[in-house]
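# Summary of the model geometry
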Amino acid sequence: MRNYIVRRFILALFTIWLVSVFTFGAVRLVPGDVVDQMGIQSAVEFKIAKDEIRRRMGLTQPIYRQYANWMGGVFHGDFGKSVWTQTSVLQRIKQRIPVSLELGILAMLFAVIMGLAVGILSAVRQDTILDYLGRSVAIGGLSMPDFWIGIMVVLYSSLWFSYAVPLGYKSFFEAPLTNLQQIGIPAGILGLRLSAVTMRMTRSTMLEVLRQDYIRTAWAKGLAERSVVVGHALRNAILPVVTIIGNQLPLVIGGTVILEALFGLPGMGQLTLQSVNQRDYTQLQGIVLLMAAVIVFFNLLVDITYGILDPRIRYT
Amino acid sequence: MKPSHSRLARSFLLVVAVLVTGLVILACGKEQKAKATPGAPTQAAATTPSKATPSGTSQPAAASARLASAEFKELPTKVQEIYPKFHPDTFKRPDPYEPVYGGVWISPGGCNANWEMIGAGLGNDCGQLVTARFFNRLINWGDDLIVEKVEPEVVETWQMSPDGMKFTFKLRDGITWPDAQPANGRKFTVQDAKWWLDTLFFDKKNSAFAAEATEVQSVDIVDDRTLTITTNKPFVSLPNFLAQKRMGIQARECFEDDKCRKGKPYGFGAFQLKDYQEGVKAVFERNQKYVFKEAQSGKPLPYLDGFQRINIGDVEAQVAAFRTGQMDSTQQLVPWERLQVIMKDVPGMRVFMDGPCMALFNCGFTFSFNLAKDGPWKDVRVRQALSLAIDRKKLCDVAMGGICAIGMHIPYYEVGRPVYFSPYQPPTQLRYDPEQAKKLLKDAGFESGFTIKVTTGQPAGSQSDLEMANIQNLVKQMWEAIGVKTEYDILPGGTNSNTVAAIKKEWPALLNTRYLQGGARSDISMWNFLHSKGVANYSSINDPELDKLLDDWKSAVDQRKRMDLAKQVLARTLDQMWAIYTVDGFRLDPYEPWAINLAGGSDRASNSSGMSNFQKAWLDPKKGLPAARQFTPRSKP
C-alpha cells in the first residue's frame, strides 16, 4: 500500500509538471498577448509604448527563461504577480477560493444527498412511479446544461415571482442569509447535474447488488429493510459511486466558470474566465496549476479510498 | 406485476408530458402576449435650446429641427418610429424640478482591478470609470448628447489665440480636494493644475497622452488663477483633448505614490472611491466638500449619496436585477421587441437611445484592406466594386432589426449633418449597385472574380458579436454574387475591440468594429487612421492628397473651414474606399422610472468622452423605488 501511494504520488507530480508545461505554452499560443488586450481601448497611445511594457513584464525574455522563472517562483511558493493587475497571483486565488469552495461543497453535498437517496429509492422501488420519477429527474438533469437551467431560473424567477438573487456577493460570515440566497441557487443547479450521474450509478449498482445471493440470505434471515439496504447492499454498491463522485470534481470546477459569471459570484471560475479574456498568463498558469493539483490529489484520494471501502482490493 | 408497472409508467409519463407542455405554453404565452402589446412610454420633446453655461451644464438641444430634417426622414422606418421617443434630446426635465438628495445609484459593470488612469495602454474600465464619471476635468462635455460640445468645468473660462497656438485658462475659485488622504481637503491651486497638465503632456513614463499631444510646448502660470498652454502648431482640438474621459484631474500627492496611484486613486470630483472588491463591486461615496452647483437650479451637487457598480457578467442576470428594481440602469438591450417585453414588466421604464458614431466610439463594422500587400484590392475600382456589392439596407434589416444607420469614422455633425447617414438612402459611393460593381471588376481585369481572405474576430455571444456574425455571412453572399469569393480567417476572441488590428497578422483584408482613436477628437482620430504617418494606419494608406487634407484639418482654426475639410476628408475616403463602411445598430439603454437625469447621469459613456458623471443624477423615491432601497432624503446638501 505504501509503495503504491509513493508511486502514485510521484506520478501525480509528473502529471502536474506536464500540466504546467502545457499551460505555459498554450496560453502563449493564443493570438494577441496581454499587452494587446490592454490596448483595446487605447490602441493609439498604446502602440507607442507596448514594446516597452512587454519588456517590463518580462515577456521579451526567451520562453524557456520565462518558464524557469515561473517554476522557480512556484517552488518557493510564489506564483508571481498577475501581469494585468500587478498583484500577487496567490493572493487573488486565496480571495476567490472560499467562494468556489462553498459553491462546490454545497453542490457536491446536494448531489450526494439527492443522488444517493433517489438512486437507492429507485433501485429498491424498481419500476414504480417513484423509480420513474427519479429516473426522469436524472435524465432531465443530464440533458439540460447548467448554464441553461441557470438562465431559466434567473429569467423566470424575476418574471413570475419578481425575485432576483441579491446583488453584490456577501460572505457567509458577513450576511449568512444573503450568502445562502446567492450561493444556494447556483449550488442547487450545479448539484442537480452531478446528482443525476450519481443517482443513475447508485441505482444500477444497487440493483446489481440487490440481486446477489447474500442479499436474499439477509432477507431470508428476516433482517429489517433498512439493515439489508444500507448495511449490506449499499456498502457493497457504493464503490463505483465513490469513483464517480471523485471524478465529478473537474465537473464542479468547470461548471462554476459559467455559473459564477451568471450569478455574479467572485470565485475561481470567474477569475479563470477573466484571466483567459485578459491573457493574464501568470494568473491563468497559477489557477490551472492549482486546479490540476487538486484534481490529481482527489483522484489519488479516491483510489486510496477504494482500499478502505473494499478490503478485497490489495495494492502491490 | 409487469403489466401493472407498464400502466403506471405510461400514466407517469403522460402526467410529466402534460406538465412540461403546460409549463412551456405558459412561458411562451407570457412572452408572446407581452410581445404583441407595444408598451413604449412616450417622452415629450424638449424645446429648450442648447445653452452652455460656465458651470458646465446645458439643457438638451431642440429636437424638432432634427426630426423635421430631410436627412432624418431618410433613416430606416423603425428608427424614425423609435428615435423621437427615446433620443436624449427629447428628454424633458421633471417639472417642477425638485431633485432629491440621497440614495445610491446602482448599475452593472465589472472592473479589472487596475486603477491606473493615464498610463500607457492601461485601457481598463476601472480607471476610466473613475476619471470618466467621478473626477472633474478642466474642461468637460456638456449634457447635450447631440453636438458633444465642450464646456468649462474646473476652469471658469478659456480663450484661444487667433492663431490657435495659445490657450488661456482661468480656474474657478474655492475648489478644494476631498477631505481624505493624501491631500486632506487642501485648496486646489493653479500649481496643481500646472502639475497635472505637465504630467499629461510631458511625463512620457506615466502618461500615454504625452506621445499624442506633441504640439504642446509649455504650460505657464500667469497668476494664482490663470495659466496658459502654448503649442508649436495650431492645436484647435486642445479643449476637446482635455475633455477626454481619462483626463480627470488627479492629486500630485497620490499620483507620485505608486501604491496610491494604482490602488486607490485620488482626484477631485463629486464622488470618491470608497471600497473596491474585485469581481464584486466598486463603491463610491459623495465628496462632501464638493462645491459645484447645478446652473439651472442653483442647487449644490451631487444629489446622490453614492454610486455602486456591481459586477454581473450575464445579461439575463442584469435584466433580472433590473426587473426587480435592484438596479437603476442596465446595459443596452436589443432587439427592440425584447425591450418592449421588458417595458411591460417595468412600468414607467425609460430608454436612452444612442446611435452609431454619435458616441464617438463604436462606429460600425468596417472592411479595411492592407495596401502594403499585393492583391486585387490595391485597385481602387475593386474596392469600389466591393462596396457597391453590399446591400446596406439588407444588412440593417437582417443584422440589426432595421434599427441602424451607416457607421463611419467621422461623426455626422462634423460634416454638417443633423443625423446619421441612412442605409436606406446612402451616399452615392455606398449605394447598392451590383451591376456597376461587376462592371468595375471587369474594368479592373477581374471579370471572373477572385478570392479574398478577410481576417476577423470570432463572434462570441454579445449582441454586437451576433451582428458581426450576420454581417460576415451576408457580405460573403453579396460578394459571391459579383464573383468574389470570401474566406474568413477567424481569430479567437471577441470583436468589440481593436485586438484584431493590434495582432501582428499579415492580413490582406480585415473586418472589425472601428473605433475613433485618439480620444474624442475627430481630426486627430482620422489623422491617426488615414495619414501616411498615422499610428493607427493599419491599412498602410499613402495618399498625399489625403495627407494634406488631414494636416490642414488638424491645424485649421476657423470652424467653417474645419467642417469643409472634414467633408473633403470624408469625400476622399468614400471615393478611394480604403475602408468599406457597413452599418451599425442603435443602442437602447433602459433606466428605472425613479432614475432621473438620464442625460447627465446615465451610467455609460454616452459618448467616448464619458461626459456623464452622475453629479446631476438623482433618485426619486416616490416613483416606485423598491422598499428595500428606500432612503430618507438628506435635508441639507
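All residue numbers refer to positions counted from 1 along the written sequence of the respective chain. Starting at A for chains and at 1 for ligands, labels are handed out in the order in which the entities are written. Selection of residues for local features in this predicted model requires a pLDDT of at least 70, selection of side-chain atom pairs for listing and counting requires 80 or more, and totals for whole chains, interfaces and linings are taken over all residues. Side-chain metrics rest on all non-hydrogen atoms present in the structure, leaving aside hydrogens and water.

## A word on the packing of aromatic side chains
Residue and element names in this part refer to chain B. In this scheme Phe, Tyr and Trp rings, the latter by its six-membered ring, pair at centre separations within 6.5 Å, and the angle between planes marks the pair as stacked below 30 degrees, edge-to-face above 60, and tilted otherwise. Here the structure, examined in full by the defined rule, presents 29 aromatic pairs over all chains. Ring geometry for W177 versus F188: centroids 5.5 Å apart, planes at 65°, classification edge-to-face. With W177 in the loop between strand 5 (166–171) and helix 5 (190–202) and F188 in the loop between strand 5 and helix 5, this residue pair connects regions lying 11 residues apart in the sequence. This pair shows no difference in class: W177 is buried, exactly as F188 is. With a centroid separation of 6.3 Å and 65° between ring planes, the pair formed by F201 and F202 is classed as edge-to-face. Relative accessibility decides the category of a residue: with a 1.4 Å probe and only protein chains considered, values under 20% of the type maximum give buried, values over 50% give exposed, and everything between is partly exposed. Judged by its relative accessible area of 37%, F202 is partly exposed. Within the aromatic cluster, the residues linked to one another by ring pairs are W177, F188, Y266, F268, Y290 and F292. Criterion for a charge above a ring: Lys NZ or Arg CZ within 6 Å of the ring centre, and within 35 degrees of the ring normal. The ring centre of F421 lies 4.0 Å from the NZ or CZ of R417, which sits over that ring. Numbering of helices and strands runs from the N terminus; a helix is a DSSP stretch of H or I covering at least four residues, while a strand is a stretch of E covering at least two.

## Here we look at the packing of helix 11 (residues 380–388) of chain B against helix 13 (residues 434–443) of chain B
Residues and elements named next belong to chain B. The N-to-C vectors of helix 11 and helix 13 enclose an angle of 160°; their axes lie 8 Å apart at closest approach. The orientation of helix 11 with respect to helix 13, classified from their angle, is roughly antiparallel. Between helix 11 and helix 13 lies a crossing whose hand is left-handed. Together, R381, V382, Q384, A385 and L388 of helix 11 and P434, Q436, A437, L440, L441 and D443 of helix 13 make up the contact between the two elements. Residues of the contact of helix 11 with helix 13, tallied by class, amount to 7 nonpolar, 2 polar and 2 charged. Between N-to-C directions, angles cover 0 to 180 degrees, with each direction set by a line fitted to C-alpha atoms, over the stretch in contact for helices. An angle counts as roughly parallel when it lies under 35 degrees, as roughly antiparallel when it exceeds 145, as roughly perpendicular when it falls between 65 and 115, and as oblique in every other case. Should the near helix be turned anticlockwise from the far one by less than a right angle, the crossing is left-handed, and should it be turned clockwise, the crossing is right-handed. By the convention used here, residues are in contact when the closest approach between their heavy atoms is within 4.5 Å. Classification convention: Asp, Glu, Lys, Arg as charged; Ala, Val, Leu, Ile, Met, Phe, Trp, Tyr, Cys, Pro as nonpolar; all other residues, Gly among them, as polar.

## Description of the pairing of strand 7 (residues 226–231) of chain B
Within a regular strand, the side chains alternate between the two sheet faces. Residue and element names in this part refer to chain B. Most of strand 7 is tucked away, with 5 of its 6 residues classed as buried. One requirement defines pairing of two strands: DSSP has to find at least two bridges between them. For strand 6 (residues 216–223) and strand 7, the ladder comprises 6 bridges, and the chain directions are antiparallel. The residue of strand 7 that forms the bridge with D223 is T226. Counting the residues between successive antiparallel strands, the hairpin from strand 6 to strand 7 contains 2 residues.

## Some words on a nonpolar patch on the surface
Residues and elements named next belong to chain A. Where nonpolar side chains cluster on the molecular surface, the patch consists of L11, F14, W17, L18 and V21 and spans about 470 Å² of accessible area. In this structure, V21 sits in helix 1 (residues 2–29). Among the residues examined, V21 registers a relative accessible area of 36% and is labelled partly exposed. Residues qualify for a patch when their relative accessible area is over 30% and they have no salt bridge, like charges being joined within 9 Å and the nonpolar side chains of Val, Leu, Ile, Met, Phe, Trp and Tyr within 5 Å. All accessible-area figures derive from a Shrake-Rupley calculation using a 1.4 Å probe, and residue coverage is judged against the displayed protein chains alone. The term salt bridge refers to a pairing of a side-chain nitrogen on Lys or Arg with a carboxyl oxygen on Asp or Glu at a separation within 4 Å.

## Observations regarding unusual backbone geometry
Residues and elements named next belong to chain B. Put simply, Q181 and P182 share a cis peptide bond, and its omega is 5°. Structurally, the position occupied by P182 is in the loop between strand 5 and helix 5. With omega at -5°, the peptide bond leading from L301 into P302 counts as cis. Examined against the element boundaries, P302 turns out to sit in the loop between strand 9 (281–286) and strand 10 (306–310). Look at S540: it is not a glycine, yet its phi comes out positive at around 55°. Given the relative accessible area of 34%, S540 is considered partly exposed.

## Description of the confidence of the model for chain B
All names here are of chain B. When the pLDDT values of chain B are averaged, the result is 78; 75% of them are 70 or greater. Each residue carries a pLDDT score, the predictor's confidence in it, ranging from 0 to 100. The weakest mean pLDDT in chain B belongs to helix 1 (residues 2–36) at 46; the strongest belongs to strand 7 at 97. Low pLDDT, under 50, characterises residues 1–5; the predicted model gives this stretch 4 contacts beyond four residues in sequence or across chains. Between residues 358–362, whose pLDDT stays under 50, and residues either more than four places distant or in other chains, the model counts 30 contacts. This complex was scored by the predictor with a pTM of 0.77 and an ipTM of 0.75.

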